[in-house]
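Understanding the architecture of this molecule
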Amino acid sequence: MFRIGYGEDAHALAANRPLLIAGIRIVNSPMGVVAHSDGDVLLHALSDALLSAFALGDIGSYFPPSNPAYKNMDSQAILEHVLKLTDEKLSRLVNVAAVVTLDEVKLSPYRTDMQKKLATLLALPPDSVGITFKTSEGLAAGHIQARVVVLLSMR
Ligand SMILES: [Zn+2]
């Protein structure tokens with residue numbers, strides 16, 4: 001028995017803000033994310049993908065942006081919370097496929113670090129964490145987007 005999950009996320013970009021993707025700081029980006037939390041699009045899309053596999057709603061319902069307690073929240077803590085919920089469903093993550101769309105900086109130098117980081121967070125081998133980088137060809141300049149598919153098998 002398998003379950004599939006899908007999630008996506010987007011944030012606006014602005015100057016003089018940090019840019020975090022999969023928990024990795026993109027140091028050469030002139031732009032960073034405008035967000036209530038730390039704005040990690042990949043971790044947000046991944047968390048929503050995991051929740052969607054079991055129709056558990058979305059991260060906004062667990063960590064509402066209107067609640068000041070979640071301001072500047074570490075997205076790894078969001079993911080940890082979601083992993084606990086999918087674990088309670090007796091599932092095991094098989095693999096992750098992620099797409100990040102960003103126009104401004106080349107992300108490929110960061111791919112290995114992101115893969116390793118996600119693999120550690122998810123207890124998966126790095127070759128079960130696929131990360132694809134795209135640009136929007138200027139169609140979506142000024143923001144960053146992530147889309148994530150997950151496959152889970154039932155224990
Ligand atoms: Zn987000």
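For the structure, see preceding data.
What you see is a predicted model; the values in this text were computed from it and never measured.

Quick notes on the sheet that holds strand 4 (residues 31-34)
- With mixed pairing, the five strands of this open sheet are ordered in space as 4-1-7-5-6. Looking at strand neighbours, the two that pair on one side only are strand 4 and strand 6 (129-134), the edges of this open sheet. Across the sheet, the mean angle from the axis of one strand to that of its neighbour is 30 degrees, orientation sign disregarded.
- Across the sheet, helix 1 (residues 41-52) touches strand 1 (2-15), strand 5 (91-101) and strand 7 (143-154), and the angle it forms with strand 1 is around 155 degrees.

Considering the pattern of salt bridges
- The full count for this structure, using the stated rule, is one salt bridge.
- Between Arg155 and Asp87 there is a salt bridge, with its nearest N and O atoms 3.1 Å apart. Of this pair, Arg155 sits in the segment after strand 7 while Asp87 is found in helix 3 (residues 75-88), placing the two residues 68 residues apart along the sequence.
- Under the relative-accessibility criterion, Arg155 is labelled exposed at 57%.

Focus: the coordination of the zinc ion
- Coordination of the zinc ion by the protein involves Asp9 (OD), His11 (NE2) and His44 (ND1), with metal-donor separations of 2.0 to 2.1 Å.
- Here the donor residues of the zinc ion share one chain and are spaced in sequence as D-x1-H-x32-H. His11 matches Asp9 in its accessibility class, with the two residues each being buried.

Re the side chain of Gln145
- Residue placement: Gln145 occurs in strand 7.
- On the accessibility criterion, Gln145 (18% relative accessible area) is buried.
- Engagement of the side chain of Gln145 in a polar contact is seen with the side chain of Arg147, the distance being 3.4 Å.
- Excluding residues within four positions of it along the chain, Gln145 makes contact with Asp9, Ala10, Val99, Val100 and Thr101.

Quick look at helix 1
- The end-to-end C-alpha distance of helix 1, which contains 12 residues, comes to 16 Å, matching closely the 16 Å that a straight helix rising 1.5 Å per residue would cover.
- Counting buried positions along helix 1 gives 11 out of 12 residues, so the element sits mostly inside the fold.
- Every buried residue belonging to helix 1 is among Val41, Leu42, Leu43, His44, Ala45, Leu46, Ser47, Asp48, Ala49, Leu50 and Leu51, and all of these are buried.

Notes on the packing of helix 1 against helix 3
- Packing of helix 1 against helix 3 leaves a shortest axis separation of 9 Å and a crossing angle of 15 degrees. Between helix 1 and helix 3, the angle is such that the two are roughly parallel. By crossing handedness, the relation of helix 1 to helix 3 is classed as left-handed. In contact with Leu43, His44, Leu46, Ser47, Leu50 and Leu51 of helix 1, helix 3 contributes Ser75, Gln76, Ile78, Leu79, Val82, Leu83, Leu85 and Thr86.
- Its residues assigned to classes, the contact of helix 1 with helix 3 comprises nine nonpolar, five polar and no charged.

Quick word on the environment of Gly142
- Along the chain, Gly142 falls in the loop between strand 6 and strand 7.
- Looking at Gly142, the relative accessible area reads 40%, which means it is partly exposed.
- With 110 residues separating them in the primary sequence, Gly142 and Gly32 have C-alpha atoms 9.7 Å apart.
- For Gly142, the residues in contact, after removing those within four places along its chain, are Ala12 and Leu13.

Scoring rules and cut-offs
- Residues numbered from 1 in each chain as written.
- Predicted model: local features only at pLDDT ≥ 70, side-chain atom pairs only at ≥ 80, totals over all residues.
- Heavy atoms only, no water.
- Pairing = 2+ DSSP bridges.
- Helix = DSSP H or I, 4+ residues; strand = E, 2+ residues; numbered from the N terminus.
- Axes fitted to C-alpha atoms, helices over the stretch in contact; angles between N-to-C directions.
- Contact = heavy atoms within 4.5 Å.
- Salt bridge = Lys/Arg side-chain N within 4 Å of Asp/Glu carboxyl O.
- Buried < 20%, exposed > 50% of the residue type's maximum accessible area, 1.4 Å probe, protein only.
- Donors = N, O, S within 2.8 Å, 3.2 Å for Na, K, Ca; no water.
- Polar contact = N/O pair within 3.5 Å; in protein donor to acceptor, adjacent residues only side chain to side chain.
- Expected span 1.5 Å × (residues − 1).
- Parallel < 35°, antiparallel > 145°, perpendicular 65-115°, else oblique.
- Left-handed = near helix turned anticlockwise from the far one by under 90°.
- Nonpolar A, V, L, I, M, F, W, Y, C, P; charged D, E, K, R; others polar.

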